[in-house]
Amino acid sequence: MNVFVAGATGALGRQLVPQLVARGHEVVGMTSSAAKQDLVRGLGARPVVADALDPDAVAQAVASAAPEVIVHQLTALSGEMSARDMRHPERSYAVTMTNRLRTEATDHLLAAGRAVGARRFVAQSFAAFRFARAGGPVQTEAEPLDPDPPPSMRAAQAGIVYLERAVTTIEWGEGVVLRYGGFYGPGTAISLAPDAPFVAPIRKRRFPIVGDGGGIWSHIHIADAAAATVAAVEHGHTGIYNVVDDEPAPVREWLPVLADALHAKPPRRVPRWLGRLAAGEMATVMMTEVRGASNEKAKRELGWRPRYASWRLGFTQGLG
Ligand SMILES: NC(=O)c1ccc[n+]([C@@H]2O[C@H](COP(=O)([O-])OP(=O)(O)OC[C@H]3O[C@@H](n4cnc5c(N)ncnc54)[C@H](OP(=O)(O)O)[C@@H]3O)[C@@H](O)[C@H]2O)c1
């Protein structure tokens, strides 16, 4: 198939494009930067340069590819968030720009897809640190997001809700949303690269377990996330799929294992009030209250299995 990947140069895009090419698909990869065209070529795709926030540029880029499937992997999340950003994520560049990419850019890509007669649209959403704070520890796609998120998380949730609704209600094709778990592995915030944003704080013991560490995270290795995306490109149906590993786990369980894999000392423990004071509400909620996600639907309907079924294996063998 002809596949158009918006976000071909990102952590996920760099895994996804070669996997699509290996499956025999023709891929056009979009970047906002002329300087990254060689990177896109190196992945096996034809590069096209366009700013995702410019509707005319997006329309032209998509028309030049005449794709059967469009994949939306645009975010601005890969940079390091400062302590101030963590306390006020709603004011951070990462969240405000990502929200524009999840709203405006989604609309531009959908309009372009409709105009060229694409038949499937696959978009990145988020399952890790699920915004739900009630109900069982591991939740399916059918369970509701937090109806009343903490103020600092409202903006991020609103962007996700907008994207999910816009994509799953298209009438001209299959609108597929992939709620990825927290990424780890090459090119992500948790990897063996010296500049991986989560790694230095863990090594310096500045990534403590807050409160009881009972917040449940669903992780996913970046190559497994890409493999699920290939399956969704080939035969995903309209709806939402959690793309997470088989072992959602509380922070108090997985963080010490990750620290050990990074040859760091075990994480410190701080009381909830101190965590809230130092890192803010969002970090505290993520450490203590969030729920995990089930991957049963993705396994059943996409025929996908994560190679790293558990972060236990992934953290020891898949961070490089
Ligand atoms: N999800 C979270 O809350 C969270 C938290 C902490 C860390 N992280 C980390 O964030 C990263 C997320 O990975 P990802 O693959 O989703 O994102 P990414 O690595 O940041 O890639 C984003 C993609 O979006 C493209 N893009 C952004 N703005 C654009 C624009 N205006 N026009 C065209 N393209 C644009 C970029 O392309 P160009 O730059 O080529 O234009 C790039 O290909 C991972 O490293 C993950 O570990 C995520």
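Each remark here, short or long, concerns the structure printed above.
Residues numbered from 1 in each chain as written. Predicted model: local features only at pLDDT ≥ 70, side-chain atom pairs only at ≥ 80, totals over all residues. Heavy atoms only, no water.

A separate point is the pattern of salt bridges. In this structure the tally under the stated criterion is 14 salt bridges. For Arg41, the salt bridge is made with Asp38, and the minimal N-O distance between the two is 2.6 Å. Taken together, the positions of Arg41 and Asp38, both in helix H2 (residues 37-43) and three residues apart, correspond to about one turn of that helix. Among the residues examined, Arg41 registers a relative accessible area of 46% and is labelled partly exposed. Using a relative accessible area of 55% as the deciding quantity, one classes Asp38 as exposed. With a closest N to O distance of 3.1 Å, Arg272 and Glu289 form a salt bridge. In this pair, Arg272 is assigned in helix H10 (residues 272-288) and Glu289 in the loop between H10 and strand E15 (292-293), connecting sequence segments 17 residues apart. Residues joined in a network through salt bridges with shared partners are Arg133, Asp146, Arg272 and Glu289. (Salt bridge = Lys/Arg side-chain N within 4 Å of Asp/Glu carboxyl O. Helix = DSSP H or I, 4+ residues; strand = E, 2+ residues; numbered from the N terminus. Buried < 20%, exposed > 50% of the residue type's maximum accessible area, 1.4 Å probe, protein only.)

What follows is about the packing of aromatic side chains. The final tally for this structure, using the stated rule, is six aromatic pairs. Here the aromatic rings of Tyr184 and Phe315 are separated by 5.0 Å at their centres, their planes lie at 75°, and the arrangement is edge-to-face. Of this pair, Tyr184 sits in strand E8 (residues 182-184) while Phe315 sits in helix H12 (residues 311-317); the two residues are 131 residues apart in sequence, bridging distant segments of the chain. Phe315 shares its class with Tyr184; the two are buried. (Phe/Tyr/Trp six-rings, centres within 6.5 Å; stacked < 30°, edge-to-face > 60°.)

Glancing now at helix H3 (residues 55-65). Three- or four-residue spacings in an α-helix give side chains the same orientation, since the helix completes a turn every 3.6 residues. Looking at H3, one finds that the buried residues are Val58, Ala61, Val62 and Ala65. Considered in projection along H3, the buried side chains sweep an arc of 95° and stay on one side of the axis. Exposed side chains of H3 directed beyond 90 degrees from the buried face belong to Asp56 and Gln60. Packed against the buried residues of H3 are strand E1 (2-6), strand E2 (26-31), strand E3 (46-49), strand E4 (69-72) and helix H5 (93-116). The opening residue of H3, the one whose side-chain oxygen lies 3.0 Å from the backbone nitrogen of Asp56, is Asp54. Following H3 by one or two positions, Ala66 has its phi on the positive side, about 40°. (Arc of directions from axis to C-beta. Contact = heavy atoms within 4.5 Å. Polar contact = N/O pair within 3.5 Å; in protein donor to acceptor, adjacent residues only side chain to side chain.)

Pairing in this open sheet of seven strands is parallel, and the strands run E3-E2-E1-E4-E5-E7-E12 from one edge to the other. Here the strands that pair on one side only, and so sit at the sheet edges, are E3 and strand E12 (239-243). The average undirected angle you get between the axes of adjacent strands in this sheet is 20°. Pairing geometry for strand E5 (residues 120-126) and strand E7 (residues 174-180), over seven bridges, is parallel. Residue pairing in the sheet places Ser125 in a bridge with Arg179 of E7. Sheet strands in contact with helix H1 (residues 11-22) are E1, E2, E4 and E7, and its direction is about 170° off that of E1. (Pairing = 2+ DSSP bridges. Axes fitted to C-alpha atoms, helices over the stretch in contact; angles between N-to-C directions.)

The next thing to look at is the nonpolar core. In terms of nonpolar packing, the biggest core is built from 31 residues, with Val5, Leu16, Leu20 and Leu178 touching the most fellow members. Residue assignment for this core shows that the elements contributing at least two residues are E1, H1, H2, E4, E7, helix H8 (222-235), E12 and helix H11 (296-302). A total of eight residues in this core trace back to one element, the largest contributor, which is H8. Setting aside residues no more than four positions away along its own chain, Leu20 makes contact with Val3, Val5, His25, Val27, Val230 and Val233. Counting 30 residues, the second largest nonpolar core, distinct from the first, contains Val48, Ala76, Ala123 and Val177. (Core = buried A, V, L, I, M, F, W, Y, C linked by side-chain atoms within 4.5 Å.)

Between helix H6 (residues 151-168) and H10, the shortest axis-to-axis distance is 8 Å and the interhelical angle comes to 70°. In terms of orientation, H6 lies roughly perpendicular with respect to H10. Only Glu281, Met282 and Val285 of H10 make contact with H6, whose side of the interface consists of Pro151, Ser152 and Met153. Of the residues that constitute the contact of H6 with H10, the class distribution is four nonpolar, one polar and one charged. (Parallel < 35°, antiparallel > 145°, perpendicular 65-115°, else oblique. Nonpolar A, V, L, I, M, F, W, Y, C, P; charged D, E, K, R; others polar.)

Our focus in this paragraph is the site of the ligand. Among the 26 residues in the neighbourhood of the ligand, the closest are listed as Thr9, Thr31, Ser32, Lys36 and Ala189. With respect to the ligand, the backbone of Leu12 contributes an N or O atom lying 2.9 Å from an oxygen atom. One of the side-chain nitrogen or oxygen atoms of Ser78 is found 3.0 Å away from an oxygen atom of the ligand. Coverage of the ligand by the protein chains reaches 86% of its 920 Å² of free accessible surface. For the shell around the ligand, the class distribution of residues is 13 nonpolar, eleven polar and two charged. (Near = heavy atom within 4 Å. Areas by Shrake-Rupley, 256 points an atom, 1.4 Å probe, with all protein chains shown as cover.)

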